[in-house]
Amino acid sequence: MIHVVFLAQLREQLGLASVDVSSSEAKTLSELKDYLLQKNPSWVTTFQTMNLLTAVNHAYVKADADLQDGDEVAFFPPVTGG
Amino acid sequence: MSFSIAVQENDFDVGNEYAALIEDEVNSGAVVFFVGRVRDVNDGRIITKLSIEHYPGMTEKLLDQLLDEARKRWQLLSARIIHRCGDLNLGDQIVFVGVSSAHRQDAFHAAEFLMDYLKARAPFWKKEIDLSGESIWVEAKSKDEEAAERWQE
């Protein structure tokens with residue numbers, strides 16, 4: 001399983017904090033995103049407009065990346081701490 | 001030498017943090033710290049409360065990485081980052097960054113670097129509640145990203 005986490009206003013807009021995806025459905029980050037958006041067409045606009053950042057296992061990932069069973073992937077909007 | 005971070009709901013005491021930064025360090029001739037607080041007006045809206053969310057696990061990891069990076073760049077004797085989460089009121093303290101060093105230049109630079117990178121990278125999100133009770137997520141500012149970018153080597 002890949003554990004997918006949504007944070008802050010992304011979580012609010014999707015109405016969902018996390019979802020598990022079978023690792024056979026998503027061997028890479030881009031496959032995971034495609035899978036999620038095909039399953040949930042209503043998410044497309046939010047994903048396109050929110051300028052989302054991505055982390056795999058708590059580290060930022062900018063390009064595509066390979067995923068493995070047990071990975072945690074997070075999608076979130078630009079950060080505003082401090 | 002003490003380098004530590006904390007993400008917590010509780011408030012912090014600047015006096016205690018200062019004491020901890022210089023504890024057993026006769027060489028720490030320079031101590032710099034920054035405290036960020038909840039402001040009453042942001043982008044023209046009157047704010048009454050602030051709610052801060054973070055990404056547990058990644059936040060702590062990233063703040064530890066920031067301390068490691070600061071120690072590589074400057075001669076530091078100790079450093080501490082505290083960032084609060086949860087519901088805060090006007091004037092409440094949000095964030096503490098403190099560093100001690102033998103010399104002020106290293107202490108000033110490291111403190112500013114830590115704050116700039118924290119703002120641009122650490123996975124925190126602020127939601128403001130205004131006078132009418134409406135809550136709005138704070139938008140990321142490009143000047144915060146630019147502030148972090150100027151430290152890139």
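Cut-off values and rules
- Residues numbered from 1 in each chain as written.
- Chains lettered and ligands numbered in written order.
- Predicted model: local features only at pLDDT ≥ 70, side-chain atom pairs only at ≥ 80, totals over all residues.
- Helix = DSSP H or I, 4+ residues; strand = E, 2+ residues; numbered from the N terminus.
- Rg over C-alpha atoms; globule rule 2.2 N^0.38 Å.
- Buried ≥ 20, exposed ≤ 12 C-beta atoms within 10 Å, placed from the backbone.
- Contact = placed C-beta atoms within 7 Å.
- Expected span 1.5 Å × (residues − 1).
- Pairing = 2+ DSSP bridges.

All right, on to the overall build of chain B then. In terms of helices and strands, chain B carries 4 helices and 9 strands. Going from N to C terminus, chain B has its helices and strands arranged as β-α-β-β-β-α-β-β-β-α-β-β-α. Since a compact globule built from 153 residues should have a radius of gyration of about 15 Å, the 16 Å found for chain B is in line with a globular shape. For chain B, the residues scored as buried account for 36% of the 153 residues in total. Relative to all contacts within chain B whose residues are 6 or more apart in sequence, the contacts with residues 24 or more apart total 76%.

The next subject is helix α3 (residues 104–121) of chain B. Residues and elements named next belong to chain B. With 18 residues, α3 extends 25 Å from end C-alpha to end C-alpha; this agrees with the ideal 26 Å at 1.5 Å per step. All buried positions along α3 are accounted for by Asp106, Ala107, Ala110, Ala111, Phe113, Leu114, Met115, Asp116, Tyr117, Leu118, Lys119 and Ala120. Elements that come into contact with the buried residues of α3 comprise β2 (30–37), α2 (58–73), β5 (78–84), β7 (93–101) and α4 (142–149).

Quick look at the pairing of strand β5 (residues 72–76) of chain A now. Residues and elements named next belong to chain A. The buried count for β5 comes to 4 of 5 residues, which makes it a mostly enclosed element. Relative to β5, strand β1 (residues 2–6) runs parallel, the two being bridged by 4 bridges. Bridged to His3 within β5 is Glu72. Across 4 bridges, the pairing between strand β3 (residues 53–56) and β5 is antiparallel. From the neighbouring strand, Leu53 faces β5, where its bridge partner is Phe76.

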